[in-house]
Structure formats: C-alpha cells, structure tokens
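Each chain, written out:
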Amino acid sequence: MTLDAPALPDPASADALRSDLADWTVDAVEAVVGDRAMRAFSREQVLPARVAARASSTPQATLTRLFLLGDPVATSALDAALPATGADGAARLGLVELSGGEARARVDLRPYAAIGEEGESRWWVASDQGEAVTGARLRADHVLGIGGASLTLAGMTMRAPVGRVLDLGTGCGIQALHAARHAEAVVATDISRRALAYAEFNRALNDAGAWSLREGSMLDPVAGEQFDLVVSNPPFVITPEGAPSFEYRASGVPGDGIVSTLVSSVGTVLAPGGVAQMLGNWEIRGESWDEPLEAWLAASPVPLDAWVIERDELDAAEYAETWLRDAGVTPERGRAEFDAAYQAYLTDFDARGVRAIGFGMVLLRRPVDGIPTLRRLEQHEGPLQEPFGGYLVSALAAHDRVVALSDDALLDTAWTAAADVTRESYGPVLQADPSHLLLRQGAGLGRSVSMDTALAGFVGACDGELTARQIAHALAALLDVSSGTMLAGLVPAIRELVADGFLA
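These numbers come from a predicted model, not from an experiment.

Novice: Can you lay out the sheet that holds strand 13 (residues 375-379) for me, pointing to particular residues and giving the numbers?
Specialist: Strand order in the open sheet made by the 8 strands is 8-7-6-9-10-12-11-13, with mixed pairing throughout. One side of each edge strand has no neighbouring strand; the edge strands of this open sheet are strand 8 (211-215) and strand 13. Taken over all neighbouring pairs, the strand axes of this sheet differ in orientation by 15° on average, direction set aside. In terms of strand pairing, strand 7 (residues 183-190) meets strand 8 through 5 bridges, oriented parallel. Within strand 8, the position partnered with Val186 by the bridge is Trp211. The strands that helix 10 (residues 193-205) touches are strand 7 and strand 8; relative to strand 8, the one it contacts most, it runs at about 170°.

This is the structure in structure tokens:
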C-alpha cells in the first residue's frame, strides 16, 4: 500500500467489520481493563491496561489488546473476535499483518462515544499507532487519533442543523463524523494524503454518508464556495527550524501564521449567517494578549462577529517544554537532542520578541446583514461546562435578541432567571447583611457576577410574571430612589445578564 494506511472497504466489507465491532464499545473496553487502566490511558500509559487485558480471553479483550495496546494476538483469537471479517479480511483492509500464526495491528483502532445535542454517537476510529504503543518516534506524516484538542473542538462545536460543513484539516475525520450527524453535506480537507485515506476509511466503516474529501492547503480546495459551518483543529503548534516537526501539528508556516491566515481569511468561505469554530495559538509580544487577534480580525475582507476565549498562556520556555515532551524529545531520551531543540525554540521566540503564547478557541460569524455586532475577546482558565456547544448556540441567540431589543422593549419583557443560576452571599458571621452578593452560572463558562442590592432584588423577582419595568418601579419605591435612576442603572445590567445567559 503506497500510503501505508487502511484500504477503503467496499460496502459489504464495511458492513461486516461494523457488525463484528458492535459489542466492542467504550464501556466494553473499560470493563476489560478497569478504572485504573482507563485513568492511565489519559496519561498515555498502557501497561496497566496490558496487565488487565491479558487476563481475559473474550473477543473484546482480544480487540483491545490488538488495536489499543499493540499486543500480538493469535490469528485464531482474531478470527473469533471478527467472525464476519476474519483475520485474513482484516489483513486485506490493512488493519493487521499476519505472520507465524499471530496478528499484529498496523493501525490504532478504537471505539468512541459522545453524547451531544443530536443524541449519542458511537463510532470506531482508525489512526496511526502512538508512541506509547510502538515505543518508536512518530513518523513525520503521523495521523493523529482522538486527542484532547479534537475532543475540545468537538465539544465546543455548535450542533444546530446546517446545510454545508467544512472540516478544514480533517486528520482522521473525527470532526467530519460529528458534522455528518447534523449537516446536509460534509467537505473534509487535509494537506496529508494519508490523513484523507484514514478519514475515508472511518467514514466508510461508520456508514457516515457521502463526504467530499479534498487534498490541499488551507482554503485552497474550497475557494469560491460557501459553508454554513467551518470547523478546524489546524496544525497550530509553533515549530521553529531545528525542533521536531509533524504534519498533524505543524504547518511549516513561521510563528502563528497558520492561525492568523485562517482567522483573517475564513470569512471568505462563510455563507451569510455562517459560523467558523477553531482552536489555535497566538504569539503575545506586548502586554495585551488580544492585540494579535484584533489585527487578524481587522485584516479580514469580510466583516465578522468574533468571540475568542483564551484558555491558557505559556511563556516561551513552558511552550517549548510542552511540545518537546509531546514529540517524545526529553532529557532522559537524549540530552543533546533535547537541548538543541529547546534552544531552537528560545532563539526563535526571543528573536521575534515573543514573551508568551496563548491557546484557546475562536468563534467567527458572518452577519446576515453584513454588520458585526459581537466582538468579545476574553480569558477563561476554568473548566468549560458541558455541553459547551449547546451553550454557544444559546449565547449567540441571546446576544442577537438583546441587540435587536430597544430599551423600552427590554423593559417591557418578563424575564426569568435561568435554571442553572444560583445566588451566593457571604460576609462576617456577626454582620446582619452580607458584604457580597454573587450570581453564579452553572453552565457554559460558569461566570459569576457581583451584584448590589438593587440588581439582587431584580434578579430575585425574575420569575416570568412581571416585566422588568414593573420590577424596577417596585424596587425604586422599596429602596427610595427615583424610577428614572433605577431604570437607567438596570437596563445595561439586564442586557449583560441576558447576553451571558443568566436571564432567559
């Protein structure tokens, strides 16, 4: 096989393999290896799972040992685990190689499950084997499987029904599999032919409909087309010359050029109302972390709404250490190689005045009427509450509603406190009244808002029965302030609470 990737199965072979794998689920793997080993998996440690799986001879244990752990298994055991496909069929598909009565995996194949707005998804995803299994350095054109970044992007993607979706830099195709659940058409692109081969195999294995798979860089394969949703986990890792480079994480473009180009150009393929969601890194030179993002947005030929959330920020040394470790380059494995690559990172960043590197998520939207109304660039280091994609759908809808409402319309609406919102108060034990009042959100970003007495009283009365104006007049009388003062203070606060999802 010239691409050294799985062969595209015909429909009958795909049906047979899918039938064979039906009982090999995420839950089945956990039942084979146990909780301890599943936690170790997240740390890229496979030994605990090997110990547990070797004690079982079930078909699920055989598949787990072979495809997740890289253990050889008897050909007869694989025949039993894949009764419709057989060991010979798995070899013809490029999944295993057979020798001396044993089968060895040529790929990483694993079950995957996700629960989202569209219901539960269960798939099997093939990719290249990782270093934890092979014990060898990854090849330059390594096709990554389901990792933390791909799970983050899948979780933050809005799952409303849409027409056309573009998965830019599809890799093994996990984002395209998700998109196929709620899109009429899916286009998946990648610069790597091996990645496209894996994506096509995963599409066929999971009977995920017809995709258009296209080879090419960035937006070149879809120039002149429009999409309702673009998702991308681009190769954003900044990789200077002299540092280890892999296609799946490094674009070959200097610095953060791959992300800047995508942010400033993706609007050209968005249909009116279309949304782009992506992950990325950005280099920070001055004190303001969002300065480069503002410049990229200003360079877009299409005016865009923008919501950027920076999740983490590392200095140059921390960034270098993170990605060298990810590449398997550590002092323990070779001090000279590690020091040379580390120095390459520091020299590159220092030469360009980079003091830190930010990581986060970017949401861009092409306004239907061409006039942007959303520009939100914020930092958030806490956990994202699930399902985050659903939160973003609601948040954008709330933003659009607030923007469209006049002050009078806002005040004449009966608002209701969202079900996930709680109120907290605290202060000295012997103090009659609390020193601080907080409104805390359970969903989305888990925001908290500090309240004064008036705002606390307003939110506490938002049960959908009275309009904001009625509540404001009652509070004005209770607190002995003029109605005009109360209304003037509440209107901007209400707008912010609705936009952030505290009021519905």
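Novice: Hey, could you go over the sheet that holds strand 14 (residues 421-426) for me, with residue numbers and the actual values?
Specialist: On the basis of which strands lie adjacent, the open sheet formed by 3 strands has the order 14-15-16 and antiparallel pairing. One side of each edge strand has no neighbouring strand; the edge strands of this open sheet are strand 14 and strand 16 (448-451). If you compare each strand with its neighbour and ignore which way they point, the axes differ by 25° on average. Contacts between helix 17 (residues 453-460) and the sheet are confined to strand 14, strand 15 (436-441) and strand 16, with strand 16 contributing the most and set at about 120° to the helix.

Novice: Please provide a residue-by-residue account of the environment of Pro244, values included.
Specialist: Here Pro244 lies in the loop between strand 9 (227-232) and helix 11 (257-265). Along the backbone, Pro244 and Asp326 are 82 residues apart, and their C-alpha atoms lie at a distance of 10.0 Å. When residues no more than four places from it in sequence are discounted, the contact partners of Pro244 are Thr239, Arg249, Leu324, Ala327, Val329 and Ala341.

Novice: Account for unusual backbone geometry, naming residues and giving values.
Specialist: With phi around 50°, Asp207 is a residue other than glycine that occupies positive phi space. Within the secondary structure, Asp207 is located in the loop between helix 10 and strand 8. Phi angles above zero are rare outside glycine, and Asp480 is one such case at about 60°. In this fold, Asp480 is placed in the loop between helix 18 (468-479) and helix 19 (483-499). Among the residues examined, Asp480 registers a relative accessible area of 71% and is labelled exposed.

Novice: With reference to specific residues and values, describe helix 17.
Specialist: Within helix 17, burial applies to Ala454, Leu455, Ala456, Phe458 and Val459. Residue Asp452 occupies the N-cap position of helix 17, its side-chain oxygen lying 3.3 Å from the main-chain nitrogen of Ala454.

Novice: So what about the nonpolar core? Which residues, and what values?
Specialist: Among the nonpolar cores identified, the biggest contains 128 residues, and Trp307 and Leu364 are the most heavily contacted of them. When residues of this core are assigned to their parent elements, the largest contribution, 7 residues, is made by strand 10 (residues 270-284). If sequence neighbours within four positions are ignored, Trp307 has contacts with Met361, Val362, Leu363, Leu374, Arg376, Glu378, Tyr391, Leu392, Ala395, Leu396, Leu445 and Arg447. Val449, Ala454, Ile494 and Phe502 belong to the second-largest nonpolar core, a separate cluster that totals 33 residues.

Novice: Tell me what's going on with the packing of aromatic side chains, and back it up with residues and numbers.
Specialist: For the structure shown, the criterion picks out 12 aromatic pairs. Summarising the aromatic geometry, the rings of Tyr112 and Trp123 are spaced 5.8 Å apart at their centres and angled 10° between planes, so their arrangement reads as stacked. Taken together, the positions of Tyr112 in strand 4 (residues 108-116) and Trp123 in strand 5 (residues 119-127) put the pair 11 residues apart, joining distant regions of the chain. Accessibility classification places Tyr112 together with Trp123 in one group, the buried group. For the pair Phe246 and Tyr248, a centre-to-centre distance of 6.0 Å together with 25° between the ring planes defines the contact as stacked. Ring-pair connections join several aromatic residues into one group, and the members of that group are Tyr319, Trp323, Tyr345 and Phe349.

Novice: Describe the environment of Ala340, naming the residues involved and giving the relevant values.
Specialist: Along the chain, Ala340 falls in helix 14 (residues 335-351). Overall, the relative accessible area of 47% leaves Ala340 in the partly exposed class. Residues Ala340 and Ala243 lie 97 residues apart in sequence; the distance between their C-alpha atoms is 8.0 Å.

Novice: Pulling in residues and values, what's your account of the pattern of salt bridges?
Specialist: Opposite charge on two side chains makes pairing possible when the charged atoms of those side chains draw close. Using the criterion set out here, one finds 34 salt bridges in the structure. Across the pair Arg469 and Asp412 runs a salt bridge, and its minimum N-O distance is 2.9 Å. Taken as a pair, Arg469 in helix 18 and Asp412 in the loop between helix 16 (407-411) and strand 14 lie far apart in primary sequence, 57 residues in all. Assessed through its relative accessible area of 22%, Arg469 is described here as partly exposed. One continuous salt-bridge network, built from bridges that share partners, spans Asp4, Arg106, Asp128, Arg139, Asp141 and Arg194.

Each value, and the rule that gives it
- Residues numbered from 1 in each chain as written.
- Predicted model: local features only at pLDDT ≥ 70, side-chain atom pairs only at ≥ 80, totals over all residues.
- Heavy atoms only, no water.
- Pairing = 2+ DSSP bridges.
- Helix = DSSP H or I, 4+ residues; strand = E, 2+ residues; numbered from the N terminus.
- Axes fitted to C-alpha atoms, helices over the stretch in contact; angles between N-to-C directions.
- Contact = heavy atoms within 4.5 Å.
- Buried < 20%, exposed > 50% of the residue type's maximum accessible area, 1.4 Å probe, protein only.
- Polar contact = N/O pair within 3.5 Å; in protein donor to acceptor, adjacent residues only side chain to side chain.
- Core = buried A, V, L, I, M, F, W, Y, C linked by side-chain atoms within 4.5 Å.
- Phe/Tyr/Trp six-rings, centres within 6.5 Å; stacked < 30°, edge-to-face > 60°.
- Salt bridge = Lys/Arg side-chain N within 4 Å of Asp/Glu carboxyl O.

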